[in-house]
Each structure stands twice: as structure tokens, then as C-alpha cells.
Amino acid sequence: MQRFADLPAMQTAPTSPLLQEYDDLMFCGGCGSKVSADLLADVVGELLGDAAPADDAAQVDVPDNKQLIQSVDHFRSVIDDPYLQARIAVCHAFSDIYACGGVADSALIALTLPFAKPDITRGLLTQIMQGTVDQLEEEGARLLGGHTSEGLELSIGFTVNGLVSEGMAWPKSGAQPGDALILTKALGTGTLLAAYRQYQARGDWVQHAIDGMLLSNRAAAEELDQYDIHACTDITGFGLAGHLEEMLGQDRGARIKVSNLPVLPGSLACLESGVSSSLHAANRRSVRYQEAPEIFYDPQTSGGLMVAVPASIADSCVASLRHAGYDAASIIGEVTDGGQWTLE
């Protein structure tokens, strides 16, 4: 029995070269897992200077006749470039603001960095914060603060704030029979990112996906604001089918022209070869209509906006969107009565 009481010290080796500096593999949780204050202050100070957050909480002023709208998104890293990953995460988070017809105001970052030596952590944090600052500048928003911690893998999240005139936010539902459905960006990031992780995607396919994810919906929302928008949502994790079903509800259906769907190069080839996101099957199970082409269930990262507008102005909307840089903008179908889907 003594052998079960006097146990020898376990000899452990770090599981990653990044952990060589640590004496053992025990890492604290709670606030003990935060990135060190001096390292964080150095990086944020270098990038933001006098604009660096200084107080424990941020103050957001809401102008008269405006409403504050908020959203949050957080996900694991999808590409190996931390600078671009941060920019994509900003675009993805603010997409919800633009889907409501809002204007970007500010953001809070929630960041988990993988365990690493301080120099590596500093370099990674610098790249992420630089990407964040650069994309926020493009959105016309400011960084209010945030939280950093260390964990097993990189993940980036943002709580974002926007402003919209009182009573003028675009609803997700509200599409009327006869409305045209417009999609601003191409589909396919889910399958392409899955193929990228499995070394089955061509380099140019991946680059098209990255370019699409980096295309903010800000300018699209600005262009659409001049039109009569009956309903709007952004196409993200639930795929086209899931978000379309949310928009239509129980009483509305859709007639979709499959050949009009904008798709990223290589995405259909990846789906045909059996490569799909881990969320793909769940997206199919979650909707009433489960017989559509696979691209309908592909989860999108930083996907486009889908809007329902009167058919009489649909062509003008698409022309405006394409002029603003959304080359894939297309009329993908129309809203019908009765809750049924038809594919053409």
C-alpha cells in the first residue's frame, strides 16, 4: 500500500516548443490566465498612444434621436495570419450592425492567445491589435477596451456598438410577397476553409475566400440605405438556408434561382468532393427545407447581407452595390406567400 502513498514526482515534457519556458504544464484559470499587464500596456500603448483605453469601463454617448444597437461574435482562428484574422473578425462582428442599417461606433475586444513565451505572445498580440486597429479605422469605429487571456488556441471576439435613427432599424423579418431577394457577397467560405485545413484547397481559392471575408458590409449598408429595405440579415454561421428561413418565418416562402447564387471559386468543387464544415450537417437538420444544393447549408464567415426590397428597385440596388465594390451582388430570387420554397 505504501507504493500508492509515496508517489514519485512525475517527469513531464512540454507538449509544444512554445511552452519550453514553463517549469510545468499547470496554467491558472480565472483572472490568473490574463496576459501580463506590462506586455499588454506596451503593445496597446505603442499602437494607440493617447487613444488607449484608460478607465475600467467605457462610456458610449448616444446622440438625440439615435438608438444604440449591439452585437457580439467570437470564434476560433480560421487562417494562420493573425493580422488578417483580426481584420476578418472585425468585419464579421460589425456585419450584424450593418444588417440593422446601423453605423459602426465602437468595439470591445475579447482575445484568447495560445500559451507561449513572452516574446512570441508580444509578437502575436501586436499583429492582432494592429489588424484590429486598421480595420476599425476602415469601419469608422473606435476601440473602447477589452479583455485578454491565455488558452490552448487563438480566438478573437468583439462586442460591437452601432447607432441607428430611432425607429429606423431594418428588421430581419418583414419581407413581402413579390419582394426581390438580393445577396451582396459570394457563398462558400465554410467549405473552402475546411478544405484549407485539410490541404485540399488551391491557393487561389483560399485567397478569394480571404478577400471576400475582408470585404466589409459597411459600404453595402450605406448604399442600401437610400432604398426601401423591407428586411435584411447577414449570412453567417447558419448558412443561406438558415438565415433565409429566419427572414421568411412561417408565413413567407421563396422562389430561388440557383444559377443566380454567387459562389466563391472552388467552393462547389470542394462540396462535390465531400469537404464541408463541421457545422454543415447541423445547418441542414435545423431548417425545414433540406433538399437544396449543398451550398445552401455552408456556414459563412464574414458573409454578405441579404435584403428583401420591392422588385421595382432591385436592379438599381444591385447596380449601386456593384458600383460600391460588391461585384458578386445578385438578385437570387423572390419572396412568395405560403411558406414554401421553390428552386429553379
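Note that this is a predicted model, so its numbers are computed, not measured.

A. Quick look at the packing of aromatic side chains. Summed over all chains, the structure comprises two aromatic pairs. With centroids separated by 5.3 Å and ring planes inclined at 20 degrees, the aromatic side chains of Tyr289 and Trp341 adopt a geometry described as stacked. Remark: Trp341 occurs in strand E10 (residues 341–343) and Tyr289 occurs in the loop between helix H9 (280–285) and strand E8 (305–309); sequence separation between them is 52 residues.

B. Quick peek at the nonpolar core. One finds Phe94, Ile156 and Phe158 to be the most contacted residues of the largest nonpolar core, which totals 55 residues. Among the elements that take part in this core, helix H2 (residues 82–99) stands out by supplying ten residues, more than any other. Residues in contact with Phe94, not counting those within four places in the same chain, are Ala104, Asp105, Ser106, Ala107, Leu136, Glu139, Ala141, Val160 and Asn161. Counting 25 residues, the second-largest nonpolar core is a separate cluster that includes Ala241, Leu248, Ile256 and Met306.

C. Seen up close, the packing of H2 against helix H3 (residues 118–139). One can describe the packing of H2 onto H3 by two numbers: an axis separation of 7 Å at closest approach and a directional angle of 35 degrees. In this structure, the crossing between H2 and H3 has a hand that is right-handed. Contacts between H2 and H3 pair Pro82, Tyr83, Ala86, Arg87, Val90, Cys91, Phe94 and Tyr98 from the former with Leu124, Gln127, Ile128, Gln130, Gly131, Thr132, Asp134, Gln135, Leu136, Glu138 and Glu139 from the latter.

D. Quick look at the pairing of strand E5 (residues 180–183). Of the two faces of E5, both are covered, the one formed by Ala180 and Ile182 as well as the one formed by Leu181 and Leu183. Here four bridges tie E5 to E8, and the two strands are oriented antiparallel to one another. Across the sheet, residue Leu181 finds its bridge partner in E8, namely Ala308. By the bridge criterion, four bridges tie E5 to strand E9 (residues 330–337) in an arrangement that is antiparallel. Each bridged residue has a counterpart across the sheet, and for Ala180 the counterpart in E9 is Glu334.

E. Region of interest: the environment of Ile210. Mapping Ile210 onto the fold places it in helix H5 (residues 203–213). The exposure class of Ile210 is buried, given its relative accessible area of 10%. Sequence-wise, Ile210 and Gln85 are 125 residues apart; in three dimensions their C-alpha atoms are separated by 9.3 Å. Excluding its chain neighbours within four sequence positions, the residues that come into contact with Ile210 are Ile79 and Leu84.

F. Highlighting H5. Buried residues of H5: Trp205, Val206, Ala209, Ile210 and Met213, and no others. The arc that holds every buried residue of H5, seen down its axis, measures 135 degrees, which confines them to one face. On its buried side, H5 packs onto H2, helix H4 (189–197) and helix H8 (267–272).

G. Broad picture of the pattern of salt bridges. On inspection of all chains with the given rule, the structure shows twelve salt bridges. Residue Arg197 pairs with Asp80 through a salt bridge whose shortest N-O separation is 3.3 Å. Placement of the pair is Arg197 in helix H4 and Asp80 in the loop between strand E1 (66–76) and H2, with a sequence separation of 117 residues. Relative accessible area serves as the criterion here: at 41%, Arg197 is assigned to the partly exposed category. Measuring nitrogen to oxygen at the nearest pair gives 3.2 Å for the salt bridge that ties Arg218 to Glu222. One end of the pair, Arg218, and the other, Glu222, are both in helix H6 (residues 218–224), four residues apart, so they sit about a helical turn from each other. Looking at Glu222, the relative accessible area reads 49%, which means it is partly exposed. Beyond isolated ion pairs, a larger network of salt bridges with shared partners links Arg255, Glu334 and Glu344.

H. Spotlight on H2. In a regular helix each residue adds 1.5 Å, so 18 residues correspond to 26 Å; H2 covers 26 Å between its end C-alpha atoms and thus fits that length. Within H2, 16 of the 18 residues are buried, which leaves it mostly tucked inside the rest of the structure. A distance of 3.0 Å separates the backbone nitrogen of Tyr83 from a side-chain oxygen at the start of H2, and that oxygen is part of Asp81.

I. Structural detail: the sheet that holds E5. Spatially, six strands are ordered E6-E8-E5-E9-E7-E10 in an open sheet, and the strand pairing comes out mixed. Looking at the sheet topology across the chains shown, the edges are occupied by strand E6 (231–234) and E10. On average, each strand axis in the sheet is tilted by 20 degrees relative to the strand beside it, whichever way the strands run. Bridge analysis of strand E7 (residues 252–256) against E10 gives three bridges, and the strand direction is parallel. The residue bridging Arg255 from the neighbouring strand is Thr342, located in E10. Running at roughly 175 degrees to E6, H2 makes contact with E6 and E8 of the sheet. This element, helix H7 (residues 239–248), spans E5, E6, E7, E8, E9 and E10 of the sheet and lies at about 35 degrees to E8.

Parameters at a glance
In this convention, every chain numbers its residues from 1, walking through the sequence in written order. Since the coordinates come from a predicted model, pLDDT governs what is reported: local features require at least 70, and pairs of side-chain atoms require 80 or more to be given and counted, while whole-chain, interface and lining totals use all residues. To get the side-chain values, take all heavy atoms of the structure and skip hydrogens and water. Each pair of aromatic rings taken from Phe, Tyr and Trp, with Trp reduced to its six-membered ring, is defined by centres within 6.5 Å and is described as stacked if the planes are under 30 degrees apart, edge-to-face if over 60, and tilted in the remaining cases. Per the convention used, a helix needs a DSSP run of H or I reaching at least four residues, while a strand needs a run of E reaching at least two, with both numbered from the N terminus. In this text, buried Ala, Val, Leu, Ile, Met, Phe, Trp, Tyr and Cys residues form a nonpolar core when linked through side-chain atoms within 4.5 Å. Any residue under 20% of the maximum accessible area for its type is buried, any over 50% is exposed, and the rest in between are partly exposed; the area is computed with a 1.4 Å probe on protein chains only. Residues are treated as being in contact if the distance between any of their heavy atoms lies within 4.5 Å. For helices, the fitted line uses only the C-alpha atoms of the stretch in contact; every axis is such a line through C-alpha atoms, and the angle between N-to-C directions lies from 0 to 180 degrees. A clockwise turn of the near helix away from the far one marks a right-handed crossing, whereas an anticlockwise turn of less than a right angle marks a left-handed crossing. The pairing criterion for strands is at least two bridges between them, as found by DSSP. The directions from the helix axis to the C-beta atoms form the arc being described. Salt bridges are identified by distance alone: a Lys or Arg side-chain nitrogen within 4 Å of an Asp or Glu carboxyl oxygen. Here, expected helix span is obtained from the residue count minus one, scaled by 1.5 Å. Here a polar contact means two N or O atoms within 3.5 Å. Within protein one must be a hydrogen donor candidate and the other an acceptor candidate, and residues neighboring in sequence count only if both atoms are side-chain atoms.

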